[in-house]
Amino acid sequence: MDILLFGGSFDPVHNGHENILRTALDYKKFDKIIIMPIGSPGHKPSCKAPFVVRKHLVELAFGDIGVEMEVSDFEGNSSEKSYSYITVDYLKSLYPDSKIHFVIGADSAINLHKWMKWQHLAQNVTFLVFDREEGENSQLLKAVDNIKQYSPDTVIIKNKVFPVSSTQIRSLAATGGDITGLVDRKVQPVIEKYSLYSTDFYRKNMGTARLLIPLMLREKRAQHTFNVAKLAVELARMYGVDVQKAELAALLHDIMKQQPDSIMLHRARQSDIIEKIDRKPMPVLHGFAASDFASREMGIEDQEILMAIKSHTCGRRNMTDLEKVIYLADMLSEERNFPEKEPLLALARQNLDKAMEQALKDSINWLKEKGGAIDTDSYEALEYFTALSNGGTSNG
Ligand SMILES: [Fe+2]
Ligand SMILES: [Fe+2]
């Protein structure tokens with residue numbers, strides 16, 4: 001089987017990428033295309049859009065390319081810096097009898113000797129080197145001669161420059177400029193509708209979250225999330241809490257809820273002190289994982305927002321009003337139905353602290369009845385709010 005491997009940041013995918021793919025498909029018949037968007041393993045996002053969003057846009061853009069196409073999660077799920085030789089080793093293990101044709105640009109070919117384990121990589125792939133320069137490129141020819149010692153079938157493909165870059169699209173999209181003709185027709189409305197590259201913090205992140213929710217959560221959980229956001233906004237207004245922070249925290253609070261345990265645990269452990277995380281019951285970890293997702297994938301650094309996402313299931317001492325709003329909105333969202341709900345909702349609209357005390361009591365009792373593990377943070381939170389309502393200090 002001949003596999004075409006095409007990697008990059010795809011932030012966002014654009015018609016220049018499509019042009020390269022089509023040129024490669026004209027050059028040779030491939031059985032399968034694997035698109036490999038890079039992940040974001042560092043503390044700060046290396047891309048403006050989260051991996052899941054970039055992957056979604058690539059699927060929209062190349063879904064009709066006419067050859068079996070897969071957008072791989074391999075680098076996106078990796079918590080370490082990805083090297084091409086590791087990615088290719090992985091693909092070789094999946095497709096041992098296949099030939100992997102790896103798309104790279106002329107600059108990469110010229111600098112390939114600086115790549116980690118480049119000879120090993122070259123032995124496992126055939127490079128399709130895309131060169132935009134017309135005429136002879138002697139530096140490239142020399143580099144390719146060197147590469148051919150390890151990857152003898154490597155070829156140079158001359159393709160006309162398609163004058164577009166992801167940077168250009170991002171800066172156009174940031175200012176509401178026209179990106180027609182620069183990106184796929186299915187991609188453009190998504191970038192625009194969800195303000196994916198807006199420079200306004202809340203426009204960008206709320207838009208991105210609204211796109212992510214149906215991509216990462218099943219229908220019921222997605223509906224719950226939107227209901228939580230609605231109630232969080234209502235309570236935030238009532239209590240003078242920053243409404244935008246409340247809405248954004250609510251939109252992201254459950255974003256990791258339906259990810260595999262291994263990914264959730266990994267993200268949770270990155271979000272806080274590991275010893276603290278390891279003492280916590282599994283069901284509360286999705287909040288911590290979501291906070292890690294918000295900071296690493298979306299670049300959200302606002303500690304109040306991150307804290308509200310973290311504590312939404314377990315609570316804690318000294319919760320901020322924003323945290324209380326998210327905790328209660330999560331517990332009392334429209335679709336929830338339990339006997340104590342209506343009085344608790346009425347209390348939440350009257351007094352945040354008293355509602356927190358009652359909410360914590362109810363949820364601890366419910367967990368006890370169910371035999372579920374209870375986080376010590378929840379007991380401490382209950383103690384704290386009980387002391388408050390008995391006239392204790394708020395520093396408990
Ligand atoms: Fe949750
Ligand atoms: Fe929730």
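Use the structure listed above.
Rules behind the numbers
- Residues numbered from 1 in each chain as written.
- Chains lettered and ligands numbered in written order.
- Predicted model: local features only at pLDDT ≥ 70, side-chain atom pairs only at ≥ 80, totals over all residues.
- Heavy atoms only, no water.
- Helix = DSSP H or I, 4+ residues; strand = E, 2+ residues; numbered from the N terminus.
- Buried < 20%, exposed > 50% of the residue type's maximum accessible area, 1.4 Å probe, protein only.
- Contact = heavy atoms within 4.5 Å.
- Areas by Shrake-Rupley, 256 points an atom, 1.4 Å probe, with all protein chains shown as cover.
- Polar contact = N/O pair within 3.5 Å; in protein donor to acceptor, adjacent residues only side chain to side chain.
- Salt bridge = Lys/Arg side-chain N within 4 Å of Asp/Glu carboxyl O.
- Donors = N, O, S within 2.8 Å, 3.2 Å for Na, K, Ca; no water.
- Tetrahedral: all angles 85-135°; square planar, octahedral: opposite > 155°, others 65-115°.
- Axes fitted to C-alpha atoms, helices over the stretch in contact; angles between N-to-C directions.
- Left-handed = near helix turned anticlockwise from the far one by under 90°.
- Expected span 1.5 Å × (residues − 1).
- Phe/Tyr/Trp six-rings, centres within 6.5 Å; stacked < 30°, edge-to-face > 60°.
- Parallel < 35°, antiparallel > 145°, perpendicular 65-115°, else oblique.
- Nonpolar A, V, L, I, M, F, W, Y, C, P; charged D, E, K, R; others polar.

(A) Focus on the overall build of the protein. Scanning the protein for helices and strands turns up 19 helices and six strands. Counting only C-alpha atoms and orienting by the principal axes, one finds that the protein spans roughly 85 × 45 × 35 Å. Looking at the protein as a whole, 50% of its 396 residues are labelled buried. Across the protein, contacts joining residues at least 24 apart in sequence account for 69% of those joining residues at least 6 apart. Roughly 18600 Å² of accessible area belongs to the protein as shown, and the carbon and sulfur atoms make up 49% of that amount.

(B) A look at the side chain of serine 333. Tracing the sequence through the fold places serine 333 in the loop between α16 (321-331) and α17 (341-348). Here histidine 224 takes part through its side chain, which lies 3.2 Å from a polar atom of the side chain of serine 333. At 2.9 Å, the side chain of serine 333 forms a polar contact with the side chain of glutamate 335.

(C) Broad picture of the pattern of salt bridges. Under the counting rule described, the total for this entry stands at 31 salt bridges. Salt-bridge contacts for arginine 170 lead to aspartate 11; the nearest nitrogen and oxygen are separated by 3.8 Å. Of this pair, arginine 170 sits in helix α7 (residues 166-174) while aspartate 11 sits in the loop between β1 (2-8) and α1 (15-27), and the two are 159 residues apart along the sequence. According to the relative accessible area criterion, arginine 170 is partly exposed, its value standing at 21%. Residue classification places aspartate 11 among the buried positions, given a relative accessible area of 3%. Its salt-bridge partner being glutamate 334, residue lysine 230 comes within 2.8 Å of it at the nearest N-O pair. In this pair, lysine 230 sits in helix α10 (residues 219-239) while glutamate 334 sits in the loop between α16 and α17, placing the two residues 104 residues apart along the sequence. Considered together, lysine 230 and glutamate 334 belong to a single accessibility category, that of exposed residues. Residues joined by salt bridges that share partners form a network here, namely Arg267, Asp292, Arg296 and Glu297.

(D) Summary view of the coordination of the iron ion (ligand 2). Within the protein, His224 (NE2), His253 (NE2), Asp254 (OD) and Asp330 (OD) serve as the donor atoms for the iron ion (ligand 2), at 2.2 Å. The site at the iron ion (ligand 2) holds four donor atoms, and with the angles between them running 83 to 178 degrees, its shape is irregular. Within one chain, the residues donating to the iron ion (ligand 2) are spaced in sequence as H-x28-H-D-x75-D. Separation of the iron ion (ligand 2) from the iron ion (ligand 1) amounts to 3.3 Å, with aspartate 254 serving as a shared donor to the pair. Judged on exposure class, the residue histidine 253 and its partner aspartate 254 are both buried.

(E) Molecular detail of the packing of helix α15 (residues 303-310) against α16. Orientation of α15 relative to α16, taken along the N-to-C sense of each, is 35 degrees, at an axis distance of 9 Å. By crossing handedness, the relation of α15 to α16 is classed as right-handed. Contacts between α15 and α16 involve Glu304, Ile305, Met307 and Ala308 on the former and, on the latter, Leu322, Glu323 and Ile326.

(F) Quick peek at the environment of aspartate 97. By the element assignment, aspartate 97 lies in the loop between α3 (84-94) and β4 (99-105). Considered as a pair, aspartate 97 and aspartate 2 are 95 residues apart in the sequence and their alpha carbons are 9.3 Å apart.

(G) Representation of helix α14 (residues 285-298). Counted at 1.5 Å a residue, the expected span for α14 with its 14 residues is 20 Å, and the 19 Å between its end C-alpha atoms agrees. Among the 14 residues in α14, 13 count as buried, and that is most of the element.

(H) How the structure looks around the packing of aromatic side chains. Applying the stated criterion across every chain, the model contains seven aromatic pairs. Here the aromatic rings of tryptophan 118 and tyrosine 150 are separated by 5.2 Å at their centres, their planes lie at 80 degrees, and the arrangement is edge-to-face. Taken together, the residues span a long stretch of sequence, with tryptophan 118 in helix α5 (residues 118-124) and tyrosine 150 in the loop between α6 (138-148) and β6 (155-158) at a distance of 32 residues. Since its relative accessible area comes to 27%, tyrosine 150 is described here as partly exposed.

(I) Structural view of the side chain of aspartate 375. Among the structural elements, aspartate 375 can be located in the loop between α18 (352-370) and α19 (376-389). Here aspartate 375 falls in the buried class, since its relative accessible area comes to 4%. Those residues in contact with aspartate 375, other than ones at most four positions away along the chain, are Lys280, Pro281, Val284 and Cys314.

(J) Quick look at the packing of helix α2 (residues 51-62) against helix α9 (residues 201-216). Packing of α2 against α9 brings their axes to within 10 Å, and their N-to-C directions diverge by 75 degrees. As the angle between them shows, α2 and α9 are arranged roughly perpendicular. For the pair α2 and α9, the contacting residues are Val52, Val53 and His56 in the first and Thr208, Leu211, Leu212, Leu215 and Met216 in the second. Here the contact of α2 with α9 is built from residues that sort into six nonpolar, two polar and no charged.

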